[in-house]
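Examination of the molecular architecture
In case you want the letters, here they are:
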Amino acid sequence: MRIFSGIQPTGRKHLGNYIGAIRQYVQAQERGEAILCIVDLHATTVPYDPAALRRSVLDTAAMLLAAGLDPARCVLFRQGDVAEHPELCWLLCSVTAHGDLNRMHQFKEKSARHELVSAGLFLYPVLQAADVLAYRAEEVPVGADQRQHVELMRDIALRFNERFGETLVVPRHRIPEVGARIMDLQEPERKMSTTDSTEQGTIYVLDQPSAIVKKLKSAVTDSGRDIIRSPEKPGISNLIEVMAVIGETESADVELEFDGAGYGSFKQAVGDAVVEFLAPVRERYAELRGDEAALEAVLGEGAERARVLARETLADVRGRMGVGPPPAAVP
Ligand code: AQP
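What comes next concerns the included structure. (Residues numbered from 1 in each chain as written. Predicted model: local features only at pLDDT ≥ 70, side-chain atom pairs only at ≥ 80, totals over all residues. Heavy atoms only, no water.)

**Considering the overall build of the protein chain**
If you tally the helices and strands in the protein chain, you get 13 helices and five strands. In terms of overall size, the protein chain behaves like a compact globule, its C-alpha atoms giving a radius of gyration of 21 Å where 331 residues would be expected to give roughly 20 Å. Burial statistics for the protein chain: of 331 residues in total, 51% are counted as buried. Restricting to contacts in the protein chain with at least 6 residues of sequence separation, those with at least 24 account for 76%. Accessible surface for the protein chain amounts to roughly 15,200 Å². Of this, 52% is attributable to carbon and sulfur atoms. (Helix = DSSP H or I, 4+ residues; strand = E, 2+ residues; numbered from the N terminus. Rg over C-alpha atoms; globule rule 2.2 N^0.38 Å. Buried < 20%, exposed > 50% of the residue type's maximum accessible area, 1.4 Å probe, protein only. Contact = heavy atoms within 4.5 Å. Areas by Shrake-Rupley, 256 points an atom, 1.4 Å probe, with all protein chains shown as cover.)

Right, dumping it as structure tokens:
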């Protein structure tokens, strides 16, 4: 099975990104042919600093390798190195409804935050569809916030196949049952996010252990003391979910284990567990990030392998759409 996902090289990666997405990428290597892309082209759709973008790509590559991605068992590359992505994006625009793009929650939220709403921000989900469809991937591991975008890419693939003939694979999302939406520790009704959550409410993968424990100890919870999930208690429910993911167990088991413990000692236990969970990643990251030439070499090699796969799909798509010379005339 071919599995594809992309991650933005923006900001500092947080516990939500790690649990909802990065953890799944590592597992994908066991489950199939994993293709992972650092989406620098997507990062240009909002105001950004070019030098910082280049650095952030390497930060993200080092983080993914530190988390357990192995270039011998997956394809890891930078989106901007494979020109087939933007080309396919343009071709897919012909089967993408303007009205569908207008309905995307992420576009509505992000466009409200910027003075200049770029056309790129509007087309963001089409480029995302191109990323996945270029590799004929069957599965896309993501957090819950990306559900709508994966549904759109399915519609785009179906519409293309209907209009031009069976060409593209229709992918499905893989959203984890637990940990698909980790919430901000200070405002637990909002998701932990790179651009829209509080510093105190966000645990970064590279945070020092003391900062992690401090943030978890001051996590907002309600006035009760029972360690039980409920929609009225998003704060404690979020911590139970984090604990379940880290312990690779069910939320109900966490409730049982901490029955009667009280919020204070539960928060301390979650803090200790998160510190232990992230420590190896932080340590490996420090080793890997220092060698930029090695990181570039991994990305360069990944891009070469990715290009071979994407080129094949592009040739079929161009042929079906009547773009460029007839397929037989292509050298
Ligand atoms: N809170 C979250 N819980 C679980 N999964 C999450 N993801 C994001 N937030 C949570 C998943 O992380 C992956 C990477 O997302 P991205 O490349 O779009 O990175 P980002 O945009 O920098 O991540 P954020 O934090 O979501 O930024 P904002 O909110 O500012 O746009 C995706 O699979 C996502 O589902």
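Once you've had a look at it, read on.
**Things to note about the site of the ligand**
Lining the immediate environment of the ligand, one finds 23 residues, of which Gln8, His14, Asp145, Lys191 and Thr195 sit closest. Between the ligand and the protein, one listed contact pairs an oxygen atom with a side-chain N or O atom of Lys13 at 3.4 Å. Lys110 is positioned with one of its side-chain polar atoms (N or O) 2.9 Å from an oxygen atom of the ligand. The fraction of the free accessible surface of the ligand (640 Å²) that becomes covered by protein chains is 95%. In terms of residues, the shell around the ligand owes the most to one element, helix α1 (residues 15-31), which gives four residues. Of the residues that constitute the shell around the ligand, the class distribution is six nonpolar, 12 polar and five charged. (Near = heavy atom within 4 Å. Polar contact = N/O pair within 3.5 Å; in protein donor to acceptor, adjacent residues only side chain to side chain. Nonpolar A, V, L, I, M, F, W, Y, C, P; charged D, E, K, R; others polar.)

**Quick look at the nonpolar core**
When a protein is soluble and globular, its nonpolar side chains tend to lie buried together. One finds Leu76, Phe266 and Val274 to be the most contacted residues of the largest nonpolar core, which totals 56 residues. With 10 residues, the top contributor of residues to this core is helix α12 (residues 263-289). Aside from chain neighbours lying at most four places away, what touches Leu76 is Leu36, Ile38, Leu64, Leu65, Leu69, Val298, Leu299 and Gly302. The next biggest cluster of nonpolar side chains, apart from the first, holds 45 residues, and it includes Cys89, Ile156, Phe160 and Met321. (Core = buried A, V, L, I, M, F, W, Y, C linked by side-chain atoms within 4.5 Å.)

**Details of the state of the cysteines**
The tally for this structure, following the rule as stated, stands at zero disulfides. Between Cys37, a cysteine without a disulfide, and Cys74, which holds the nearest cysteine sulfur, the sulfur-to-sulfur distance is 12 Å. We classify Cys37 as buried; its relative accessible area is 1%. The thiol sulfur of Cys89 is not disulfide-bonded, and the nearest other cysteine sulfur, from Cys93, lies at 4.7 Å. (Disulfide = S-S within 2.5 Å.)

**Let's talk about the packing of α1 against helix α3 (residues 50-67)**
The description of two packed helices rests on the angle between their axes and on the distance between the axes. Across the interface, α1 lies against α3 with an axial gap of 9 Å and an inter-helix angle of 65°. Here α1 is positioned roughly perpendicular relative to α3, judged by the angle of their axes. The crossing of α1 and α3 is right-handed. Contact with α1, carried on its side by Tyr18, Ile22, Tyr25 and Val26, involves Met63, Leu64 and Ala67 of α3 and no other residues of that element. Residue composition of the contact of α1 with α3, grouped by class: seven nonpolar, no polar and no charged. (Axes fitted to C-alpha atoms, helices over the stretch in contact; angles between N-to-C directions. Parallel < 35°, antiparallel > 145°, perpendicular 65-115°, else oblique. Left-handed = near helix turned anticlockwise from the far one by under 90°.)

**Some points on the pattern of salt bridges**
Opposite charge on two side chains permits pairing when their charged atoms draw close. Applying the stated criterion across every chain, the model contains 20 salt bridges. The shortest N-O distance in the salt bridge between Glu33 and Arg2 comes to 3.2 Å. In this pair, Glu33 sits in strand β2 (residues 33-38) while Arg2 sits in strand β1 (residues 2-7), placing the two residues 31 residues apart along the sequence. Residue Glu33 is classed as partly exposed on the basis of its relative accessible area of 37%. For Arg136, the salt bridge identified is with Asp316, shortest N-O distance 2.8 Å. (Salt bridge = Lys/Arg side-chain N within 4 Å of Asp/Glu carboxyl O.)

**Focus: the pairing of strand β3 (residues 74-78)**
With five of five residues buried, β3 lies mostly within the body of the structure. Side-chain alternation along β3 places Cys74, Leu76 and Arg78 on one buried face and Val75 and Phe77 on a second face that is also buried. Pairing geometry for β2 and β3, over five bridges, is parallel. Its bridge partner being in β3, Ile35 is matched across the sheet by Val75. (Pairing = 2+ DSSP bridges.)

**Brief notes about a negative patch on the surface**
Together, Glu177, Glu250, Asp253 and Glu257 give the surface a local cluster of negative charge. Note that Glu250 resides in the loop between α10 (234-246) and α11 (251-257). (Patch = residues over 30% accessible without salt bridge, like charges linked within 9 Å, V, L, I, M, F, W, Y side chains within 5 Å. Lys, Arg positive; Asp, Glu negative; His and termini not counted. Charge placed at Lys NZ, Arg CZ, Asp CG, Glu CD.)

**Overview of the packing of aromatic side chains**
Within this structure, the stated rule accounts for six aromatic pairs. Among the aromatic residues, ring-to-ring pairing joins Phe4, Phe77 and Tyr135 into one connected group. We note Arg12 situated over the ring of Tyr204; from NZ or CZ to the ring centre the distance is 3.8 Å. (Phe/Tyr/Trp six-rings, centres within 6.5 Å; stacked < 30°, edge-to-face > 60°. Lys NZ or Arg CZ within 6 Å of the ring centre and 35° of its normal.)

All we've got here are geometric facts, nothing functional implied.
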